[in-house]
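This is what each chain is made of:
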Amino acid sequence: MRLSKMHLKTLREVPNEAEIASHILLLRTGMIRKLASGVYGFMPFGWRSIRKIEDIVREEMDAKGAQEIHMSAVQPSELWEESGRWYAYGPELWRIKDRNGRDFCLGPTHEEVFTDIVRNDISSYRQLPQNLYQIQTKYRDEARPRFGLMRSREFIMKDSYSFDKDEAGLDKSYDDMYDAYTNVFSRCGLMFRPVEADSGAIGGNNSHEFTALAEVGESEIAYCEHCSMAATTERAETRDDAPCDAEMLPMEEVYTPGTKTIEEVANYLELDTKQTIKALLFVKYDKEGKEDGYVAAFVRGDRELNMIKLVNALDIPEHAIAFADEEKMSAATGCVGGFTGPVGLHDCIVVVDSELTGMKNLCAGACKVDHHIKNVNYGRDYKGDIVCDLKTLKEGDPCPVCGAPVKHARGIEVGQVFKLGTKYSASMGAYYKDENQEDKLIVMGCYGIGVTRTLSAIVEQHHDENGIIWPMSVAPYHVIVTLVNAADETQSKVAEDIYAALQKAGVEVLLDDRDERPGVKFKDADLLGIPVRITVGRGAASGNVEYKLRRDAEKTDMTIEAAIEAAITIVNEEKTGR
Ligand code: ATP
Ligand code: MG
C-alpha cells in the first residue's frame, strides 16, 4: 500500500478525552474513530490489526475442533426470560423494542442463543461433544465506558460454547479452551497470567480469567510466588487469622464522641484496628427494583469487605444491592451511622466474616450515637444469618493455599473461560438421549475473548514515547519503506524496487511516497509502529539503504539486497507469533 493513497489521519496532539497510552495511541494513529461514548469504529490500520487478532483466534479455535458460526446480535427477550437473566443481567443489558412493542436486547453474550440452537439440533449422545464459536459484535451499556476499546459499549468478542455429555467431557473441553487461549495470547505478543476468577452474571462455578499485565488494568490479581495460587482479588479466598483463646470479658458500653471511622475509634480507645468490628450497611432491591430489606455486613476493622463475596453469599446480582440510606435504615433496623455494631441490630440480614467468629473481646458500634461496646464476642453477643469469607485478600496477607505473603498485580482481562455445568441446559431444557435412551442434561462451558480489548492490551504493553511497537503477528503492516526525497529519481526507483520485491515475497509492505518532510515521515513511522523500516535516502545512489527495527534503537546501513533479505527473514520468522 502506498501511504500517499491511504486513508490516514494521524494526530500530533494527545486527544483530550484519552488518559492511557493505548487509548491515546489508537486515536493518534487514526486506527479507531469515536462515534459516541464507548462506541468506536475502525479505520484501515486498526481494522487490519483487528483482523489479524481474529485470524489468530480462528486458527487456535479451529485447531481444537471448534466450529465457527455467526448469530445475530439482536436477541428476543423470551430466551432471556427462560434463563432468568432478563432480570439478572441488570442495566448493562441493552434493551430495545420493535415497532410492535416486543422486547429484544442487543446481545452482551450468547449463552441463551447457543443453548437454544443446541436444544433444537442435538438429540443423541452420538452428536456430542460440540464446540461452536463466533466472532461477533457485542453490546453492553456499561455504567462507565472508558479507556477507548478497553471498556466500550460496543465491542468485538469471540464467544464459544461447549456441549458435553458429562462433567468429564466438560473438563476436557475446558482444558482445550484454556490451551487455545494460552496460544492466542502468546501469539498476540501479550504478557499475561491465567488466574482463578469469579463467574459473575454468567453463572457456573469454575472459571479462569486471562489477564494481560498492565498498571492501568482494571483487574486486580493476587498471586503467590511460593505456590501456584493466582486469582482475581474478587475471587481469591482468604485465610482467617488463628482464633484467639482469651476468656470472654463482659460487654462494656463506652462513650466515644465523634469517632465514626475505625481509625478514629481505635485511636480514641487506644486499640489496634484488629480489635474492632467494621460494619457496612446495604439495601436490597427486588426484581421490580423496589427496596427489599436491609443487609449489615461485618468484617474485622483492618479488613476490607469484598462486594463480590457478599452478593454471592446473598445469592443476588450485583445490581440488586446498594449502600443504604442510613437514616431510613436506622428507623427500620436500629443501626446508627458511624456507630453500628452487630449488637442491637434487628430486622436485617446479618452477614459476618468467618474470621470474626474466632476473635475475642472486640470493639463494635453500640447502635447508639457516640457510643461503642467493648468485649463483643460472636456466639454470646450476636450471631450471623450468614457466616462466610467476606473479606478481600490484600497484598502481604497469607496465601490461602500455602501461607506465604501474597503479591498483587494489575492487569487487563482479555479473556475468560467458565464451566457452566447445567445452569443453562436445566433452565432452558437442553437434553440429549444417552446410550440407554434416557434424557440427560447437556453439560456446558463458555469461553470469551475480547478481541477489541486485546488490541488495546497489546498497545498498552508495546509502546514507547514515540508510538506503538507492534509485535509482527498483529502489526497492520510488516514493513514500511520510507522514501526520504520523493523528487529524487534514484531514491524513488530504489524505493519502488524494494516495495515490489517485498510484495512479491508476500510481505505486507507500506511505501511512504508522500510529499512530506523526512521528519514527518519518520515520526509517523514510529507512531504507527510498523516493525521494520527501510529508509531510502542519499545512500541509494551507491546501492545502500538504512534498516531499522522499531523495537531496537540502532540503525544499520545495508545494501539494498541485504535489507530486503533481512526484512523477509524476520517477517517470516515472526509473523505467526509462534
Ligand atoms: P469485565 O469484568 O471487564 O466487565 P466481564 O467479565 O464482564 O468483563 P466477560 O463476560 O467475561 O466480561 O466477556 C468476555 C470478554 O469480553 C472479557 O474477557 C473482555 O475481554 C471482553 N469484554 C467484556 N466487557 C467488555 C467491554 N465493555 N469492552 C470491551 N471488552 C469487553
Ligand atoms: Mg469476564
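This is a predicted model, so every value here is computed, not measured. (Residues numbered from 1 in each chain as written. Chains lettered and ligands numbered in written order. Predicted model: local features only at pLDDT ≥ 70, side-chain atom pairs only at ≥ 80, totals over all residues. Heavy atoms only, no water.)

## Focus: the site of ligand 1
Keep this limit in mind: Near, as used in this document, describes a residue that has one of its heavy atoms within 4 Å of the molecule or strand being considered. Definition of a polar contact: a pair of N or O atoms within 3.5 Å, with one able to donate and the other able to accept a hydrogen when the atoms are protein atoms, and with sequence-neighbouring residues admitted only if both atoms are side-chain atoms. Residue-level accessible areas treat just the shown protein chains as cover; the underlying method is Shrake-Rupley with a 1.4 Å probe. Here a strand is any run of E in DSSP of at least two residues, a helix any run of H or I of at least four, and the numbering for each starts at the N terminus. Charged means Asp, Glu, Lys or Arg here, nonpolar means Ala, Val, Leu, Ile, Met, Phe, Trp, Tyr, Cys or Pro, and polar covers whatever is left, Gly included.
As a structural note, the neighbourhood of ligand 1 is formed by 14 residues, with Arg140, Glu142, Arg151, Ser152 and Glu413 the closest of them. Residue Glu142 places a side-chain N or O atom 2.7 Å away from a nitrogen atom belonging to ligand 1. Between an oxygen atom of ligand 1 and a side-chain N or O atom of Gln416, the distance comes to 3.2 Å. Within the complex, 85% of the 580 Å² of free accessible area of ligand 1 lies under protein. When contributions to the shell around ligand 1 are tallied by element, the ones reaching two or more residues are strand S8 (154–164) and strand S21 (407–421). Looking at the shell around ligand 1 element by element, the count peaks at 4 residues for S21. Residue composition of the shell around ligand 1, grouped by class: 5 nonpolar, 4 polar and 5 charged.

## Concerning the pairing of strand S6 (residues 103–106)
Inclusion rule: Whether two strands pair depends on DSSP finding at least two bridges between them.
Relative to S6, strand S4 (residues 74–76) is paired through 3 bridges, and the arrangement is antiparallel. Looking at S6, one finds that Pro76 is bridged to Phe104. Note that strand S5 (residues 94–97) and S6 share 4 bridges and pair antiparallel. Note that in S6 the partner of Arg95 across the bridge is Cys105. Linking two consecutive strands that pair antiparallel, namely S5 and S6, is a turn of 5 residues; a positive phi of about 85 degrees is found at Gly101 within it.

## Considering the side chain of Thr452
Where we set the bar: The buried label goes to any residue with under 20% of its type's maximum accessible area, the exposed label to any with over 50%, and the partly exposed label to all in between, with areas taken from a 1.4 Å probe on protein chains only. In what follows, residue pairs with any heavy atoms lying within 4.5 Å of each other are defined as contacts.
Residue placement: Thr452 occurs in helix H11 (residues 451–461). Exposure remark for Thr452: the relative accessible area of 2% places this residue in the buried category. Within the local environment of Thr452, its side chain forms a polar contact with the backbone nitrogen of Ile156, the two atoms lying 3.2 Å apart. With residues up to four places along the chain from it excluded, the contact list for Thr452 reads Phe42, Ile50, Leu149, Phe155 and Ile156.

## Observations concerning the sheet that holds strand S19 (residues 371–376)
Applicable threshold: Here an angle of 0 to 180 degrees is reported between the N-to-C directions of two axes, which are lines fitted to C-alpha atoms, with helices fitted over the stretch in contact.
Taking strand neighbours across the sheet as the criterion, the 3 strands line up as S13-S19-S18 in an open arrangement whose pairing is antiparallel. Whereas interior strands pair on both sides, the edge strands pair on one side only; in this sheet they are strand S13 (252–255) and strand S18 (362–365). Mean inter-strand twist for the sheet, computed between neighbouring axes without regard to direction, equals 30 degrees. Two strands pair when backbone bridges link them, and S18 and S19 are joined in this way by 3 bridges, in the antiparallel orientation. Following the sheet pairing, Ala364 is matched in S19 by Ile373.

## Thoughts on the packing of aromatic side chains
Any aromatic ring pair is given by two values, namely how distant the centres are and how the planes are angled relative to each other. The condition is simple: Under the pairing criterion, centres of Phe, Tyr and Trp rings, with the six-membered ring standing for Trp, must be within 6.5 Å; the plane angle then separates stacked pairs below 30 degrees from edge-to-face pairs above 60, leaving the rest tilted. Should the NZ of a Lys or the CZ of an Arg lie within 6 Å of a ring centre and within 35 degrees of the ring normal, that charge is described as sitting over the ring.
On inspection of all chains with the given rule, the structure shows 14 aromatic pairs. Considering the side-chain rings of Tyr181 and Phe185, the 6.0 Å spacing of their centres and the 90 degrees angle between planes classify their relative orientation as edge-to-face. Of this pair, Tyr181 and Phe185 both sit in helix H6 (residues 167–187), 4 residues apart, roughly one helical turn. Among the residues examined, Phe185 registers a relative accessible area of 0% and is labelled buried. An aromatic cluster is defined as three or more aromatic residues linked by ring pairs; in this entry it consists of Tyr178, Tyr181, Phe185, Phe192 and Phe210. In this structure, Arg48 packs its charged tip against the face of Tyr477, placed 3.8 Å from the ring centre. When the ring centre of Tyr174 is taken as origin, the NZ or CZ atom of Lys419, which lies over that ring, is 4.9 Å away.

## Remarks on the nonpolar core
The condition is simple: Side-chain atoms within 4.5 Å are what join buried Ala, Val, Leu, Ile, Met, Phe, Trp, Tyr and Cys residues into a set we call a nonpolar core.
With 59 residues, the main nonpolar core has Phe45, Phe185 and Trp470 as its most contacted residues. Of the residues forming this core, the biggest block, 7 residues, is contributed by H6. Once residues within four sequence positions are removed from consideration, Trp470 is found in contact with Met31, Ser49, Leu455, Ile458, Val459, Ala475, Pro476, Leu528, Gly529, Ile530 and Pro531. Counting residues in each nonpolar core, the second largest holds 27 residues, with Val509, Ala540, Tyr547 and Leu549 among its members.

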